[in-house]
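# Summary of the model geometry
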Amino acid sequence: MEHQLTTNAIPGKRTGVREELLVVAIAVSVTIAASVNLIVLSLVLAALVLFLASIRFKPLLLVVIFLLPFTLYLNWDFPVKDLGTLVRLCLFAGMLISHLIYKESIRKWLFSGRLTWAILGYLFIATLSVTMFNRLTLDAARELMRLASYVCFYYAIAGWIKTEEEFLALFKTLMASTIMVALFGFYQFLIGDYSALYNALYPTQDELLKVPPWSGRITSFLSHYNALAGYLNLVIPFCIGFALRSRDQLLRNLARCCLVFACVGLMLTKSRGGLLACAAILVLSAYFFSPSRKVGIQRVAIASLCAVLMALLAGLVFQRLAQIDDYTTVSRLAVWAGAAHVFTGSPWTGMGFGNLRSFMGGLVGLPEGWVGDAHNLYLELLAETGILGFLAFAFLIVTSLRLALAQRRLFQQDLDKVIGFAVFAAICGVLVHGAVDYIFHTTPQATALFFMVLGILKANDVRRQSAA
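So, a few notes on the structure that sits alongside this text. Note that the coordinates shown come from a computational prediction; the quantities given were computed from them, not determined experimentally.

### Some thoughts on the packing of helix α12 (residues 272–288) against helix α13 (residues 293–317)
Helices that pack against each other are described as a pair by the angle of their axes relative to one another and the distance between those axes. With their axes 7 Å apart at the nearest point, α12 and α13 run at an angle of 155 degrees to one another. By the angle between their directions, the pair α12 and α13 is classed as roughly antiparallel. When the axes of α12 and α13 are compared, the crossing they make is right-handed. The residues of α13 that touch α12, namely those facing Ala 279, Leu 282, Val 283, Ala 286 and Tyr 287, are Arg 293, Gly 296, Ile 297, Arg 299, Val 300, Ala 303, Ser 304 and Ala 307.

Structure, rendered in structure tokens:
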């Protein structure tokens, strides 16, 4: 029998005085820990997430989603390097405890569906690339632990969200959070600096991608402007879908507001790859929401023309978007050649998941202490995990796209159609942006959001199967 998870705590059990007092006690502990040490605070917050997840405290997941753009880097020599990774791992552990206590099927949760197996397959290949075929460095261990936390987040979303009301609450929270992200980006643009808050979030660390001095490109709460572009492009398809098809007035208004703010924020990142990906998303939306194929082709032509005109206008406003400077051309060609060289040295298994960034700096002559990636999703996959990892990731993408299309075509509810379109368009945006950039290692927030999108797709598939 399915447990109803629409209350504030454990299904079938109302939160009592003891639970409320315990939450208050933990909140006091968090306050005390914050005044002691960041590490202590992180551990207390992780324990809080573990406990609340074990009782399925409904607001917890919404809080985690709202705070997804934030991350704190922990100054210790352990594979778990940021607070977000720790939270996602504890969220999964808490849900596992909950399944054990209330005798829900763990096997069905962890191993059902082709999408889940595709994700596990990619995780398996990535793990083999650094444990069996290459040396496990600290950088690789950290990236592998992050990847495991993203998979845990996928499981948390897929197992927690079960009803239409919970889906709508999730999307409202995501829209509100993204509006906050855009507003902080606007603040950076107005003051002409990354801001003191950004500097506090991202102190100089050798594992972080060093951002050049302020040049008018906003980052908001994320570590890099290209990463912000990738993050916004994962949200924009949901904004388009719910702005056009949502019956919930609040969600429709939030989606419209978020769409405008996100598009303006995307423009202020001045990310050419991000803007190209957004154009692809807009063209897809013109086709998907057309009443017929003929009208869809016409709208695609119009959308493509509008995208070209907007690109010309953006080039007039921002010089960077009007041309590709010599430095960008030479540096991109250099890192692409470097990644290709690494791939040819170990074509089947690569140099190990997460190992390329620390190696790339010396390969292409970056200043000491700087790290870099391949600036290309496909070359990064080939260089780090070889042909095996590339094929595993390709299988994951194809499986996701097919499931998204199936949900949009087979189900008639607006929620199904919006989720099917949004997931399909979001993944296509990642693939387009990936031709000139790689954001999965540099920004855990964007990668966590990507796996959350996959979790939404899985959760909706489970919901439809339960309703059938």
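### What about the nonpolar core?
In this structure, Phe 171 and Met 452 are the most contacted members of the largest nonpolar core, which totals 125 residues. It is helix α10 (residues 225–245) that contributes the most residues to this core, 14 residues altogether. Ignoring sequence-local partners within four residues, the contact set of Phe 171 consists of Phe 238, Phe 242, Leu 251, Leu 415, Ile 419 and Ile 456. Ranked by size, the runner-up nonpolar core spans seven residues in total, among them Val 342, Met 351, Ala 374 and Leu 379.

### Some thoughts on empty space enclosed by the protein
Summed over the entire model, instances satisfying the criterion amount to five cavities of 30 Å³ or more. Its volume calculated, the largest cavity comes out at about 110 Å³. If you go around the largest cavity, you meet 13 residues; those closest to its centre are Gly 429, Val 430, His 433, Gly 434 and Ile 439. Elements with a contribution of two residues or more to the lining of the largest cavity: α10 and α17 (414–433). Ranked by residue count, the leading element in the lining of the largest cavity is α17, at four residues. The class makeup of the residues in the lining of the largest cavity is seven nonpolar, five polar and one charged. One number sums up the size of the second largest cavity: a volume of about 100 Å³. Taken together, 13 residues form the lining of the second largest cavity, with Tyr 122, Leu 147, Phe 353, Phe 440 and Thr 447 sitting closest to its centre.

### Structural notes on the pattern of salt bridges
In a structure, side chains of opposite charge can pair up when their charged atoms sit close to one another. On inspection of all chains with the given rule, the structure shows eight salt bridges. One salt bridge connects Arg 247 with Asp 414, and the closest N-O pair in it is separated by 3.2 Å. Pair noted here: Arg 247 is in the loop between α10 and α11 (249–269) and Asp 414 is in helix α17, with a separation of 167 residues, a long-range link. Measuring nitrogen to oxygen at the nearest pair gives 3.3 Å for the salt bridge that ties Arg 464 to Asp 416.

### Overview of a nonpolar patch on the surface
Residues Tyr 187, Phe 189, Leu 190 and Ile 191 make up a contiguous nonpolar surface patch of roughly 420 Å² in combined accessible area. The residue Ile 191 is located in helix α8 (residues 164–191) in this model.

### Regarding the environment of Val 260
Following the sequence through the fold, Val 260 ends up in helix α11. For Val 260 and Cys 239, which are 21 residues apart along the polypeptide, the C-alpha to C-alpha distance reads 9.1 Å.

### Focus on α8
A rise of 1.5 Å per residue sets the reference length of α8, with its 28 residues, at 40 Å; its end C-alpha atoms lie 41 Å apart and thus fit the reference within 8%. Positioned one or two residues after α8, Gly 192 has a phi angle of 70 degrees, which is positive.

### A closer look at the packing of aromatic side chains
Within this structure, the stated rule accounts for 24 aromatic pairs. For the ring pair Trp 109 and Tyr 155, a centre distance of 5.8 Å and an interplane angle of 65 degrees mean the geometry is edge-to-face. On the criterion of sequence distance, the pair formed by Trp 109 in helix α5 (residues 106–111) and Tyr 155 in helix α7 (residues 138–160) is long-range, its members being 46 residues apart. Both residues of the pair, Trp 109 and Tyr 155, belong to the buried class. An aromatic cluster is present here, built from Tyr 122, Tyr 150, Phe 353, Phe 393, Tyr 438, Phe 440, Phe 450 and Phe 451 joined pairwise through their rings.

### Looking at the packing of α10 against helix α18 (residues 444–467)
Put simply, α10 and α18 touch, their axes get as near as 9 Å, and they point 25 degrees apart. With respect to α18, the element α10 is oriented roughly parallel. Considering how the two elements wind past one another, α10 and α18 form a crossing that is left-handed. Between α10 and α18, the contacting residues are Ala 227, Tyr 231, Leu 234, Val 235 and Phe 238 on the first element and Gln 445, Ala 446, Leu 449, Phe 450 and Val 453 on the second. A breakdown of the residues in the contact of α10 with α18 according to their chemical character gives nine nonpolar, one polar and no charged.

Cut-off values and rules
Residues numbered from 1 in each chain as written. Predicted model: local features only at pLDDT ≥ 70, side-chain atom pairs only at ≥ 80, totals over all residues. Heavy atoms only, no water. Axes fitted to C-alpha atoms, helices over the stretch in contact; angles between N-to-C directions. Helix = DSSP H or I, 4+ residues; strand = E, 2+ residues; numbered from the N terminus. Parallel < 35°, antiparallel > 145°, perpendicular 65-115°, else oblique. Left-handed = near helix turned anticlockwise from the far one by under 90°. Contact = heavy atoms within 4.5 Å. Core = buried A, V, L, I, M, F, W, Y, C linked by side-chain atoms within 4.5 Å. Buried < 20%, exposed > 50% of the residue type's maximum accessible area, 1.4 Å probe, protein only. 1 Å grid on protein atoms, 1.4 Å probe; cavity = no way out; pocket = protein on both sides within 12 Å on 5 of 7 lines; lining within 4 Å. Points joined across faces, edges and corners; volume = space filled by probe spheres on them. Nonpolar A, V, L, I, M, F, W, Y, C, P; charged D, E, K, R; others polar. Salt bridge = Lys/Arg side-chain N within 4 Å of Asp/Glu carboxyl O. Patch = residues over 30% accessible without salt bridge, like charges linked within 9 Å, V, L, I, M, F, W, Y side chains within 5 Å. Areas by Shrake-Rupley, 256 points an atom, 1.4 Å probe, with all protein chains shown as cover. Expected span 1.5 Å × (residues − 1). Phe/Tyr/Trp six-rings, centres within 6.5 Å; stacked < 30°, edge-to-face > 60°.

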